[in-house]
Amino acid sequence: WEGRVLWGTIIVCTIRMAQQAHLWVKEPVLVKRLSCLAIIFAYCCKAQLRGTGIEDESEDGAKLLRKGVISQEELDMISTQSGWQPYYCI
């Protein structure tokens, strides 16, 4: 049960961060970048909890790529780093 609460907190914080960016950041490019990184962070956490990586075909890396949330270069960089994948977004 506690895991579900923590996961819900990550999702709520991701949405709040994107909303706050739209309110306080004046550059649209930076707002989009911050929002995308928040989304990628949540998906990387989900993959990490499942014991895989965001690049795994059972995860959503390819879907995020198709939607333009992440670039191929970023996906490659995240998947090849030696640390915890969500750290890329922080």
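Presented here is a report on the structure given in the accompanying data block. The shown structure was predicted, so the numbers you read here are calculated from the model rather than taken from an experiment. (Residues numbered from 1 in each chain as written. Predicted model: local features only at pLDDT ≥ 70, side-chain atom pairs only at ≥ 80, totals over all residues. Heavy atoms only, no water.)

## What to know about the nonpolar core
To be explicit about the condition: The set of buried Ala, Val, Leu, Ile, Met, Phe, Trp, Tyr and Cys residues whose side-chain atoms join them within 4.5 Å is what this entry labels a nonpolar core. The buried label applies to any residue whose accessible area, calculated with a 1.4 Å probe on protein chains only, is under 20% of its type's maximum; exposed applies above 50%, and partly exposed to all values in between. Think of it this way: any DSSP run of H or I at least four residues long counts as a helix, any run of E at least two long counts as a strand, and we number them from the N terminus. We call two residues in contact when some of their heavy atoms are within 4.5 Å.
Counting residues in each nonpolar core, the largest one holds 11 residues, listed as C36, L37, I40, C44, I54, L64, V69, I70, L75, I78 and C89. Of all elements in the fold, only α2 (28–49) and α4 (72–80) reach the threshold of two or more residues within this core. When residues of this core are assigned to their parent elements, the largest contribution, 4 residues, is made by α2. Setting aside chain neighbours within four positions, we find L75 in contact with I54, E55, G61, L65 and I70.

## As for the packing of helix α1 (residues 2–24) against α2
Quick note on the threshold: Whenever a helix is involved, its axis is fitted only over the stretch in contact; in every case the axis is a line through C-alpha atoms, and angles between N-to-C directions fall within 0 to 180 degrees. Oblique is the label for any angle not under 35 degrees, not over 145, and not in the 65 to 115 range, which are roughly parallel, roughly antiparallel and roughly perpendicular in turn. Charged means Asp, Glu, Lys or Arg here, nonpolar means Ala, Val, Leu, Ile, Met, Phe, Trp, Tyr, Cys or Pro, and polar covers whatever is left, Gly included.
Closest axis-to-axis distance for the α1/α2 pair is 8 Å, and the angle between their directions is 170°. Classified by the interaxial angle, the pair formed by α1 and α2 is roughly antiparallel. Only V31, L34, S35, A38, I39, A42, C45, K46 and L49 of α2 make contact with α1, whose side of the interface consists of W7, I10, I11, T14, M17, A18, A21 and H22. Residues belonging to the contact of α1 with α2 are distributed by class as follows: 13 nonpolar, 3 polar and 1 charged.

## Some remarks on a nonpolar patch on the surface
To keep things clear, this is the line we draw: Patch membership requires over 30% relative accessible area and the absence of a salt bridge. Like charges are linked within 9 Å, and nonpolar side chains (Val, Leu, Ile, Met, Phe, Trp, Tyr) within 5 Å. All accessibility values rest on the Shrake-Rupley procedure with a 1.4 Å probe; residue burial counts only the protein chains present in the view. Any carboxyl oxygen of Asp or Glu within 4 Å of a side-chain nitrogen of Lys or Arg constitutes a salt bridge here.
Together, M17, L23, W24, V25, L30 and L34 line one region of the surface with nonpolar side chains, adding up to about 610 Å² of accessible area. At 3 residues, α1 tops the list of elements feeding residues into the nonpolar patch. Inspection of the secondary structure puts L34 in helix α2.

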